[in-house]
Amino acid sequence: MIDLSDLVSAAFRFWTPLGFAAMGGVVSERAGVVNIGLEAMMLGGAFAGVAVASTSGNAYLGLAAGTATGALIGFLHAVLTQALRVPHILSGVGLNLGILGLTTYLLRVYFGGALDTENKLPGLFVTLLGIVTVLTLFFILARTPLGLRLRAVGENPAAARSAGVNVTRLRYSAVTLSGALAGIGGVALALAALGSFRENMTGGRGYIALAAVIFGRWHPLGAAAAAFFFALGDALQQSLQTAGLAERIPPDFLTLLPYLLTLIALAGLSGKASAPAALGNQEA
Amino acid sequence: MAYEGLQQAEKQLGAEIKVQESKAAGDYVQNLTRFAQAGYGVVFAVGFKMQDALKEVAPRFPDVKFAIIDGDAPDLPNCVSYKFREEQGSFLAGALAGAVTKTNTLGFIGGEEMPLIKKFEVGYKAGVQTTNPKAKVVVGYVGAFNDAQKGQELALSQMNGAKADILYHAAGESGVGVIKAVQAKGEGYYAIGVDKDQDAEAPGRVLTSMVKRVDVAVFQVCQSVSTDAFKPGTVTVGLDEDGVGLSEMKYTKDKVPAEALAKIEALKKQILEGKITPPTTDEELAAFKAPAA
């Protein structure tokens, strides 16, 4: 009744934007900076990606623009949380609202409310790039001196500083990279299969990605797997609707299913989840 | 669409217009109040979600007229409600889809399941039944009106998994994904647009659009206020007065068999004459008897 290869390929298409954003979340949070602003970085990346792809006629320029825009918003989050000592959650939520307003405004004023382009990125390329990103991040965090320093900054910044690590600089880099990754996630959402940008099209994926980070215990492979779990849940509930299950089970319940599973999974893990010790600390 | 009606009022009636978008449901009361206080002759509340806010605000400003689109107005002399018979236009869309399908399987993709969207769904199903009793309709809900990716994936699932070849969406911006998915599948597949004429979004791949003339409703209210002819109560517009209807099918008219188009015209006439009453709920759909051809 449900074709397995259709289901898995849909799950991978749902996974790609989430996976990139979740990796962004891992980088930022392992450096001790809470990043609830992933949503803003995705949305900004998606907007810039489609805007540049449609005006320049080149999808890869769109990818570059989306990445840069995400990085810029990430850098802003770093300035707000590190230089200005704004509480991390507040900065992230502020960015989410601000970027939503800004992209909506630009979309309506300059593009008549809708941005579409034929210059799309190959979906398979973007998904493979996502998998490579996960593995690379895993390797850097676990096996390189840079990864060790980054983790130290998130666990015990004072000790890291006394060992000669430039905590502030490393955090700026990590949060900016986090934004770049989430920006690619936005590009993956808007410019791979769709080729469109619409108002608030990320629809909460940044928050789901952050949940995947926590669910995956701040580990790149764990977060990627958690994101895939959510993506598979979405693909599955849609297949079930197509298979006619919506006739018997309310569709509202089916669309809720992935989130319900998340809640149950998180509740089951709550005792064991261990955030970086200095995550969200104002003092560094 | 509502905004286009206001722009028309601005042009033709010399009205001064202002638009405020509510960021959250909590802002409805405040925004309505601010507009009423600002001295506008008529304040529009667009969407059924503003129903309760209107009930709260309207009694406090008896000199200001209020109009709500797609919702119930409180029983007050300064309130009017505009509703659309979406089921009528959707019926015609379904009848056309039933006549055009090659796979005898059609798709419906809604934004969120609620009574308003249900009218699109069951009206469509009844239309399909009427022209093609053998066809079945696959139904899916995206769960949001702004998620183009989920709209696209659901459309792919209906086309690949259930072999649906014509997909009608009532899913707002999620429907962008439905149209993109159909466009990518290409020849042999059609989307049906909604609310505004979406035929040009993928020329040749959007069979028709079920157009809902919110702009006409808004303009009518503005006109009634400017000429002191405002009448409270509920105004329901359907195929009559062209409140709803199919688009002109600029890109697809030649591809559709002439007898199918003639059939749609005949059905439209029957609805206008009251011989067919398209259903609005699952219960009405179960009781609906397709008229003899």
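Quantities reported herein were computed from a predicted structural model and do not represent experimental measurements.

Draft legend 1. How the structure looks around the sheet that holds strand S1 (residues 42–46) of chain B. Residue and element names in this part refer to chain B. Taking strand neighbours across the sheet as the criterion, the four strands line up as S1-S2-S3-S9 in an open arrangement whose pairing is parallel. Taken across any chain shown, the strands that pair with only one partner, and hence form the sheet edges, are S1 and strand S9 (233–237). Averaged over all pairs of adjacent strands, the angle between their axes in this sheet comes to 20°, without regard to strand direction. As defined by bridge partners, strand S2 (residues 65–69) adjoins strand S3 (residues 79–84) across four bridges and the pair is classed as parallel. Following the sheet pairing, Ala67 is matched in S3 by Val80.

Draft legend 2. View of the packing of helix H1 (residues 4–30) of chain A against helix H5 (residues 123–143) of chain A. Residues and elements named next belong to chain A. Packing of H1 against H5 leaves a shortest axis separation of 9 Å and a crossing angle of 25°. When the interaxial angle is binned, H1 and H5 end up roughly parallel. The two elements H1 and H5 cross, and the hand of that crossing is left-handed. Only Gly123, Val126, Thr127, Gly130, Thr133, Val134, Leu137 and Leu141 of H5 make contact with H1, whose side of the interface consists of Phe12, Arg13, Thr16, Gly19, Phe20, Met23, Val26, Val27 and Arg30. Classifying every residue of the contact of H1 with H5 by side-chain character gives nine nonpolar, six polar and two charged.

Draft legend 3. Focus on the pairing of S1(B). Residues and elements named next belong to chain B. A large share of S1 lies buried, amounting to five of its five residues. Residues of S1 alternate between two faces, with Val42, Phe44 and Val46 on one and Val43 and Ala45 on the opposite face, all of them buried. Bridge count for S1 against S2 is five bridges, and the pairing is parallel. From the neighbouring strand, Ala45 faces S2, where its bridge partner is Ile68. Viewed along the sheet, the connection from S1 through helix H3 (residues 51–57) into S2 turns out right-handed.

Draft legend 4. Spotlight on the environment of A:Val26. Assignment of secondary structure puts A:Val26 in helix H1. Note: C-alpha distance between A:Val26 and A:Ser9 (17 residues apart in sequence) is 25 Å.

Draft legend 5. Region of interest: the confidence of the model for chain B. All names here are of chain B. Taken residue by residue, chain B gives an average pLDDT of 93. The fraction at 70 or more is 99%. The secondary structure element of chain B with the lowest average pLDDT is helix H1 (residues 2–13), at 86, and the one with the highest is strand S6 (residues 166–170), at 98. Model confidence for the complex is summarised by a pTM of 0.92, with the ipTM given as 0.93.

Draft legend 6. The arrangement of helix H2 (residues 38–56) of chain A in detail. All names here are of chain A. The first and last C-alpha atoms of H2 sit 26 Å apart over 19 residues, in line with the 27 Å expected at 1.5 Å per residue. Taken across its 19 residues, H2 has 17 buried, putting it largely inside the fold. Positive phi shows up at Gly57, right after H2, with a value of about 80°.

Definitions and limits used
- Sequence order as written defines residue numbering, which begins from 1 separately in each chain.
- The order in which chains are written sets their letters, starting at A; the order in which ligands are written sets their numbers, starting at 1.
- It should be noted that, the model being predicted, local features are given only for residues of pLDDT at least 70 and side-chain atom pairs only at 80 or more, the latter also being counted only at that level, while totals for whole chains, interfaces and linings use all residues.
- Two strands pair if DSSP finds at least two bridges between them.
- To qualify as a helix, a DSSP run of H or I must reach at least 4 residues; to qualify as a strand, a run of E must reach at least 2; elements of each kind are numbered from the N terminus.
- Inter-axis angles, ranging from 0 to 180 degrees, are taken between N-to-C directions of lines fitted to C-alpha atoms, where helices are fitted over the stretch in contact.
- For classification purposes, an angle smaller than 35 degrees is called roughly parallel, one larger than 145 roughly antiparallel, one from 65 to 115 roughly perpendicular, and anything else oblique.
- Note on convention: the crossing is left-handed when the near helix lies turned anticlockwise from the far helix by less than a right angle, right-handed when the turn is clockwise.
- Placing C-beta atoms from the backbone, we regard two residues as in contact once those atoms come within 7 Å.
- Gly is put with the polar residues, along with every residue not named as nonpolar or charged; the nonpolar set is Ala, Val, Leu, Ile, Met, Phe, Trp, Tyr, Cys and Pro, and the charged set is Asp, Glu, Lys and Arg.
- Labels follow a simple rule on C-beta atoms placed from the backbone: if 20 or more others lie within 10 Å of a residue's own, it is buried; if 12 or fewer, it is exposed; otherwise it is partly exposed.
- Handedness of a crossover is defined as follows: with both strands directed away from the viewer, a clockwise route from the first strand across the helix to the second makes it right-handed.
- The predictor attaches a confidence to each residue, called pLDDT, with possible values from 0 through 100.
- One less than the residue count of a helix, multiplied by 1.5 Å, gives the span that helix is expected to have.

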